[in-house]
Amino acid sequence: MADENGEPTDDLVPVILDFAHKYSLKVTFHIEPYKDRDDRSMYNNVKYIIDKYGGHPAFYRFKTSTGRLLPMFYVYDSYVTIPEIWSNLLTVSGSQTIRNTPYDALFIALLVEERHKHDIQRSGFDGMYTYFATNGFSYGSSHHNWASLKAFCDSNNLMFIPSVGPGYIDTSIRPWNNHNTRNRVNGKYYETAFNAALLVRPEIISITSFNEWHEGTQIEKAVPKRTGQIVYLDYKPHKSNVYLELTQKWSEKYRKEKEQWLM
């Protein structure tokens, strides 16, 4: 489905899955808000995704502590829907429950404000992620709050997924938002975020983002580029793939530390 800002992407999904499989990557779905997103439409859309793509070898499944292999869905702006609607879908006794059906999955809510953690728990979500790449922009995206959020998740059997990013600058599309710009500091901002995430020992770390050029959070290769009035960030004096190298470095560090936590 298209949202009001773009084109339908269904035709692209098989291409993305095939290429991901070629490079031993897995794909999961980030569900944006759309018109009339509620318990019923979510059930139908999750069913559609799993029926259509769930058999592909690149379709991501997470192994839970009980050994189940479940799909995972990130639900952006989940807080715009009240917990009572979500609980219809996400709790075992809900009227539209997806639990213990062939379409059961892990559903990860977006936490922006601190109070959202209680709504997320009441809704029946399986975890929370913080999404934003600007340290200090929201309660959830502020690194110093991650320890208390992880403690809350641990005590309520929820997953905590902190989101890290290489920096932030969106003034080309939001000229008024200069106060949320975060300088990359030659990669140090990214490394600081990764370090903060590792300190709370999360099961998953998400990266925002691979290619949001207009918000300056891309980590893919970059060379100097100008279109009209917009000058895109490049990584000079570093190599064009410096952020991919940093991602690899911290992914390996995370994997090694994780092995120690689980011993």
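How each quantity is defined
- Residues numbered from 1 in each chain as written.
- Predicted model: local features only at pLDDT ≥ 70, side-chain atom pairs only at ≥ 80, totals over all residues.
- Heavy atoms only, no water.
- Buried < 20%, exposed > 50% of the residue type's maximum accessible area, 1.4 Å probe, protein only.
- Helix = DSSP H or I, 4+ residues; strand = E, 2+ residues; numbered from the N terminus.
- Pairing = 2+ DSSP bridges.
- Right-handed = clockwise from strand over helix to strand, strands pointing away.
- Axes fitted to C-alpha atoms, helices over the stretch in contact; angles between N-to-C directions.
- Left-handed = near helix turned anticlockwise from the far one by under 90°.
- Contact = heavy atoms within 4.5 Å.
- Nonpolar A, V, L, I, M, F, W, Y, C, P; charged D, E, K, R; others polar.
- Phe/Tyr/Trp six-rings, centres within 6.5 Å; stacked < 30°, edge-to-face > 60°.
- Lys NZ or Arg CZ within 6 Å of the ring centre and 35° of its normal.
- Expected span 1.5 Å × (residues − 1).
- Core = buried A, V, L, I, M, F, W, Y, C linked by side-chain atoms within 4.5 Å.
- Arc of directions from axis to C-beta.
- Salt bridge = Lys/Arg side-chain N within 4 Å of Asp/Glu carboxyl O.

Please provide a residue-by-residue account of the pairing of strand 4 (residues 72–75), values included.
What you see with strand 4 is no split at all: Met-72 and Tyr-74 on one side and Phe-73 and Val-75 on the other are buried throughout. As paired strands, strand 4 and strand 5 (residues 106–110) are joined by 4 bridges and run parallel to one another. The residue of strand 5 that forms the bridge with Met-72 is Leu-106. Regarding the hand of the β-α-β motif, the stretch spanning strand 4, helix 3 (residues 83–90) and strand 5 is right-handed.

Break down the packing of helix 2 (residues 39–53) against helix 3 for me, with residues and values.
The axes of two packed helices give the description: the angle between them and the distance between them. Running from N to C, helix 2 and helix 3 point in directions that differ by 40°, and their axes come no closer than 9 Å. Our pair here, helix 2 against helix 3, has a crossing hand that is right-handed. Mapping the contact onto sequence places Asp-39, Met-42 and Tyr-43 in helix 2 and Ile-85, Trp-86, Asn-88 and Leu-89 in helix 3. Of the residues assigned to the contact of helix 2 with helix 3, the class counts are 5 nonpolar, 1 polar and 1 charged.

Describe the packing of aromatic side chains, and please don't skip the residues or the numbers.
Taken as a whole and judged by the stated rule, the model has 17 aromatic pairs. On the basis of an interplanar angle of 20° and a centroid distance of 6.0 Å, the ring pair of Phe-29 and Tyr-53 is categorised as stacked. One end of the pair, Phe-29, is in strand 1 (residues 29–31); the other, Tyr-53, is in helix 2, with 24 residues separating them in the sequence. In terms of burial, Phe-29 and Tyr-53 fall into one category: buried. On the numbers, 6.1 Å between centres and 90° between planes, the contact of Trp-213 with Tyr-232 is edge-to-face. Separated by 19 residues along the polypeptide, Trp-213 in the loop between strand 9 (206–207) and strand 10 (225–227) and Tyr-232 in strand 11 (residues 230–232) bring together distant segments of the chain. For Trp-213, a relative accessible area of 28% puts it in the partly exposed group. Following the ring pairs from residue to residue traces out a cluster consisting of Tyr-74, Tyr-76, Tyr-129, Tyr-131, Phe-132 and Phe-137. A cation over a ring is seen here: Arg-184 above Tyr-243, with NZ or CZ 4.6 Å from the ring centre.

Break down helix 6 (residues 188–199) for me, with residues and values.
Because each turn of an α-helix spans 3.6 residues, side chains separated by three or four positions in sequence point in the same direction. The terminal C-alpha atoms of helix 6, which comprises 12 residues, lie 16 Å apart, in line with the 16 Å expected from a rise of 1.5 Å per residue. Residues of helix 6 that are buried make contact with helix 5 (146–155), strand 8 (163–164), strand 9 and helix 7 (242–261).

Summarise the nonpolar core; cite the residues concerned and give the values.
If you look at the biggest cluster of nonpolar residues, it comprises 53 residues, and the most contacted ones within it are Phe-73, Phe-107 and Met-128. The contacts of Met-128, once residues within four sequence positions are left out, are Ile-108, Ala-109, Leu-111, Lys-117, Ile-120, Leu-149, Phe-152, Cys-153, Leu-158, Met-159, Phe-160 and Ile-161. Counting residues in hydrophobic clusters, the runner-up holds 15 residues, among them Met-72, Tyr-76, Val-112 and Ile-161.

Just give me the short version of helix 1 (residues 12–22), but keep the residues and values in it.
Looking at helix 1, one finds that the buried residues are Val-13, Leu-17 and Ala-20. End-on view of helix 1: buried residues confined to an arc of 65°, all on one side of the axis. The secondary structure elements touched by the buried residues of helix 1 are strand 1 and helix 2. Once helix 1 finishes, Ser-24 follows within two positions and takes phi at roughly 60°, a positive value.

Any details on the pattern of salt bridges? Residues and values, ideally.
Applying the stated criterion across every chain yields a total of 17 salt bridges. When the shortest N-O distance is used, the salt bridge between Arg-255 and Glu-259 registers 3.7 Å. Of the two residues, Arg-255 and Glu-259 are both situated in helix 7; the distance of 4 residues between them amounts to about one turn of the helix. By relative accessible area, which is 45% here, Glu-259 ends up partly exposed. Sharing partners across several salt bridges, the network here consists of Arg-68, Arg-99, Asp-104 and Asp-126.

Describe unusual backbone geometry, listing the residues and the values that go with them.
Of note, the amide linkage connecting Thr-208 to Ser-209 takes the cis form, showing an omega dihedral of 5°. Looking at where Ser-209 falls in the secondary structure, it is placed in the loop between strand 9 and strand 10. A cis amide bond links Lys-236 with the next residue in sequence, Pro-237, at an omega value of 5°. Even without glycine at this site, Asp-77 takes up a positive phi of about 50°. Looking at the secondary structure, you find Asp-77 in the loop between strand 4 and helix 3. Overall, Asp-77 belongs to the buried group, its relative accessible area being 16%. Positive phi outside glycine occurs at Val-185, with the angle close to 50°. Mapped onto the elements, Val-185 comes out in the loop between strand 8 and helix 6. For Val-185, a relative accessible area of 41% puts it in the partly exposed group.

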